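Listed below are the residues making up each chain.
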Amino acid sequence: MSRFPVRKAAVLGAGVMGAQIAAHLANAGVQPVLFDLAAEGRDRNAIVRKALEGLAKLEPSPLATKDVAERIVAANYDEHLALLGDCELVVEAISERMDWKKSLFDKVAPHLSPRAVFASNTSGLSITELSNVLPAALRPRFCGIHFFNPPRYMRLVELIPTAATDPAVVDDLEAFLTTALGKGVVRARDTPNFVANRVGVFSMLATMHHTLAFGLGFDEVDALTGPAIGRAKSATYRTADVVGLDTMAHVVKTMHDTLPADPWHAHYRAPEWLAGLIAKGALGQKTKAGIFVKKGKEIQVLDLARQDYRPSAGAVAEEVQAILQERDPAARFAKLRASSHPQARFLWAIFRDLFHYCAVHLAEIAHCARDVDLAIRWGFGWQMGPFEIWQAAGWREVAGWIAEDIAAGRAMAAVPLPGWVTDGRQGVHGAEGSFSAADDTMHSRSTLPVYRRQRFPELVLGEKPAPRGTTVFEDEGVRMWHDGDGVAVVSFRSKMHSLGTEVLEGLNRALDEAEAGFDALVIWHEAPFAVGANLKAALESLQAGRLAEFEAMVALFQRTSQRLKYSPVPTVAAVEGMALGGGCEFAMHAQRVVAAFESYLGLVEVGVGLLPAGGGLKELAQRANAWAKGGDAFPELGRLFRQVAMADVSRSAAHARELGYLRPADVVVFHPAELLHVARGQARAMADAGHRPPLAPPRIPVAGSTGIATLKMMLVNMREGGFISEHDYEIGSRIATVICGGEVEPGSAVDEQWLLDLERHHFVELAKTAKTQERIAHMLKTGKPLRN
């Protein structure tokens, strides 16, 4: 764990970034104080309060739960600077003006604790120059901490020390950012725009340059530069709109003003069309118009030739699509370069200039090539970084092509490739580490203790993977393994970790093995945790009339859930990403859950015309009684019913606890790569404490027929109002029947098996209906629910 326990932190500046940084600190259990200028009028904190109100409107939400914003203390510089004295961390996040930042530093420095770390969230200004206005005693505790927008969701944080920054401070900050906030940290050199923005913004500038050179439309380029080449869905121009065209222009201007000797300096300027949009106030998403605009339900794109918007319809040409589907990267790049199609020539040009730029600037901006690749992956959402792409495509051959294009004047800059590129190497990443152009050596990964918590760290191409552990058994459904510590791990092998018969049987075998020869069992694999039942196999059984086989699968699912709950060895579910339907039910039955912060749990079976039948409704009926206030469980039961009937999914692990899918004792982990470490630690602790499985609960009081009637009345009103269909009513009625314990007297006590039998019966009855089978088929075909 970090030696830098941050209990209270201040964020200076309540703009878009500052407010969201404060929100994420609050998500992590840190007490944030959010500062801004004092407002005129009676409420001097009005600026901050408006920013906090705005957090609730942002999508995706920066808040783990709705009440997170209430934990943020509003403050202003005129009245509350004394609050800084209690803060272990102070982050400045005001506008990118050197003079404004220096003025603020002068104001706040006298009020900081002598132990506080002070940091700037600047996206590219010199950290060293900013530090020069600070008292000498504060400079060892000052550095840059550059979050990416939106701070909750973007993995990257760049950490930028100055020559005066205490190395121990940087180490402690890296550990805090990693474990407490779940970030991927890249240590950047103090150069303009650091690593990710330096490379990522150049890539966007190169894309803009070649868009015009090859006569392509903005929508066409976004079709080419998104998932088609392993980048984010927002691609290039949609990303510019989301970031803000004025913000992007400011970053470009910083490069222009601070890098006069750069070989690409002539390209560090906003294109005329971009400057024209900014002058008109069309700044992108925040002004609802930019390169793209939504008119009614139609997305339109700026057409430079017409100087007006037109419907967005850009697409990848079939010829180019065929090239991009080539699985061998070397063959793919060779075909792109050889093609005469404008789209293919465009793609080769943007990759060529990106590779050229990264090679020339590697020594200046980054400690090694790994830092560049991880920064671009984490900060811009690419599947592979630029050096990884180059290495995968064949380092030597691609280097030769780049050199040919430079010599022929086709590249954006005439500077030759550095000598290290062509010194006989096959790439920059290998088992021994990643290449540093600054010292001509291969750099291994950080040895900071925080990284020992990552059993399987995120790798770059060519890195040696961590050992897979000792296999106990491996079959079609699961792999069971261990590291010799007495804690077994079972990992699902199915697509999207869907829960078919092979996974259920494999998990039961893993439970047998764990109960016979291990101290505990952890369910862990990379996200998603599980997306529910194997719908394809289920539909095939139903359509073939194999109802007995179908019902047997449901019964097996229920037995597996119950085994997880009552196993004599501790069972821990390590959840990351989606845990939907049956995946959520497995998590609810595990004796402990360790959930990544970005976990999305929900009983969503109604979307395919079914109800939860892996014990989920049974568990909710029990939990409603446990949470009952004043002995009346029905208000809680009604809330849980609506939750299931509406297929609500948690927005975070913390929200899943509010919804009742996680329990108070379950653990939330912010960094997904630490999930297995913490889950195994929990399992080990449970075993060492003399774990005993929970006793079967006494008979469960249920709401019975009166509860069913009350919930059905709610459904009747929704049906009559046209909010739900007749089949939705049928599904909801059956959910009400199960969660209320069936048609029994109110207050009757039933056992778990009674509720499981009800679940299974009503699940099978729904599955027999044509409308439910239509919903399943539609989901398999389109990935979207059908309303019928």
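Everything numeric in this text was worked out from a predicted model, so none of it was measured.

Caption draft 1: View of the side chain of K618. Assignment of secondary structure puts K618 in helix α21 (residues 616-626). Sequence-distant contacts of K618, defined by excluding residues within four places in its chain, comprise Q562, K565, H589, E752, L755, L756 and E759.

Caption draft 2: Seen up close, the nonpolar core. Core analysis: the largest hydrophobic core is formed by 113 residues, its most contacted members being F118, I291, F387 and W390. In terms of nonpolar packing, the next biggest core, distinct from the first, is built from 82 residues, V554, F557, A621 and L758 among them.

Caption draft 3: Local environment of the packing of aromatic side chains. Counted according to the given criterion, the structure contains 28 aromatic pairs. With centroids separated by 5.9 Å and ring planes inclined at 75°, the aromatic side chains of F456 and W481 adopt a geometry described as edge-to-face. Here W481 lies in strand β16 (residues 478-482) and F456 lies in the loop between β14 (441-443) and β15 (470-474), a separation of 25 residues in the sequence. Taken together, the ring pairs connect F333, F351, F355, F387, W390, W395, W420 and F435 into an aromatic cluster. In this arrangement the basic side chain of R425 is found over the ring face of F435, its NZ or CZ atom lying 4.0 Å from the centre. Of note, R509 hangs over the ring of F473, and the distance from its end group to the ring centre comes to 3.9 Å.

Caption draft 4: Region of interest: the sheet that holds strand β9 (residues 292-295). Reading across the sheet, the three strands line up as β9-β10-β11 and stay open at both edges, with antiparallel pairing between neighbours. Among the strands making up the open sheet, the edge pair consists of β9 and β11 (308-311). Direction aside, the axes of adjacent strands within the sheet are offset by 40° on average. The pairing of β9 with strand β10 (residues 298-303) spans four bridges and is classified as antiparallel. Bridge pairing links K295 to E298 in β10.

Caption draft 5: A look at the pattern of salt bridges. Here the structure, examined in full by the defined rule, presents 55 salt bridges. Across the salt bridge formed by R71 and D67, the nearest N and O atoms sit 3.5 Å from each other. On the basis of relative accessibility, which here comes to 35%, the residue R71 falls in the partly exposed class. Notably, a salt bridge pairs R377 with E458, separated by 2.8 Å at the nearest N-O pair. You can see R377 sitting in helix α14 (residues 369-380) and its partner E458 sitting in the loop between β14 and β15, a full 81 residues away along the chain. Judged by relative accessible area, R377 falls into the buried class, the value being 10%.

Caption draft 6: Looking closely at the packing of helix α12 (residues 329-338) against helix α13 (residues 342-365). Taken N-terminus to C-terminus, the directions of α12 and α13 make an angle of 115°; their axes are 7 Å apart at the nearest point. Once α12 is placed against α13, the crossing between them reads as left-handed. Each of F333, L336 and R337 in α12 lies in contact with α13, whose residues at this interface are A344, R345, L347, W348, F351 and F355. Partitioned by chemical class, the residues of the contact of α12 with α13 number seven nonpolar, no polar and two charged.

Caption draft 7: Just the sheet that holds β16, in detail. One open sheet accounts for seven strands, arranged β15-β16-β17-β18-β19-β20-β21; its pairing is mixed. Looking at the sheet topology across the chains shown, the edges are occupied by β15 and β21 (667-669). Going across the sheet, the axis of each strand differs from the next one's by a mean of 25°, ignoring polarity. Two elements, strand β19 (residues 571-580) and strand β20 (residues 592-602), share eight bridges in a ladder whose sense is parallel. Pairing of G577 across the sheet is with S599, part of β20. Each of β17 (487-492), β19 and β20 is contacted by helix α20 (residues 582-589), which is oriented at about 155° to β19, the strand it contacts most.

Caption draft 8: Representation of the packing of helix α9 (residues 245-258) against helix α10 (residues 272-279) in the model. One can describe the packing of α9 onto α10 by two numbers: an axis separation of 10 Å at closest approach and a directional angle of 130°. Taken together, the axes of α9 and α10 lie oblique to each other. Crossing handedness for the pair α9 and α10: left-handed. Along the contact surface, α9 presents L245, D246 and A249, while α10 presents L274, L277 and I278. Of the residues that constitute the contact of α9 with α10, the class distribution is five nonpolar, no polar and one charged.

Caption draft 9: Local environment of the pairing of β17. Among the six residues in β17, six count as buried, and that is most of the element. Every second residue of β17 is oriented toward a common face, with V487, V489 and S491 on one face and A488, V490 and F492 on the other, all of them buried. Sheet topology places β16 next to β17; five bridges connect them, and they run antiparallel. Following the sheet pairing, M480 is matched in β17 by V490.

Cut-off values and rules
Residues numbered from 1 in each chain as written. Predicted model: local features only at pLDDT ≥ 70, side-chain atom pairs only at ≥ 80, totals over all residues. Heavy atoms only, no water. Helix = DSSP H or I, 4+ residues; strand = E, 2+ residues; numbered from the N terminus. Contact = heavy atoms within 4.5 Å. Core = buried A, V, L, I, M, F, W, Y, C linked by side-chain atoms within 4.5 Å. Buried < 20%, exposed > 50% of the residue type's maximum accessible area, 1.4 Å probe, protein only. Phe/Tyr/Trp six-rings, centres within 6.5 Å; stacked < 30°, edge-to-face > 60°. Lys NZ or Arg CZ within 6 Å of the ring centre and 35° of its normal. Pairing = 2+ DSSP bridges. Axes fitted to C-alpha atoms, helices over the stretch in contact; angles between N-to-C directions. Salt bridge = Lys/Arg side-chain N within 4 Å of Asp/Glu carboxyl O. Left-handed = near helix turned anticlockwise from the far one by under 90°. Nonpolar A, V, L, I, M, F, W, Y, C, P; charged D, E, K, R; others polar. Parallel < 35°, antiparallel > 145°, perpendicular 65-115°, else oblique.

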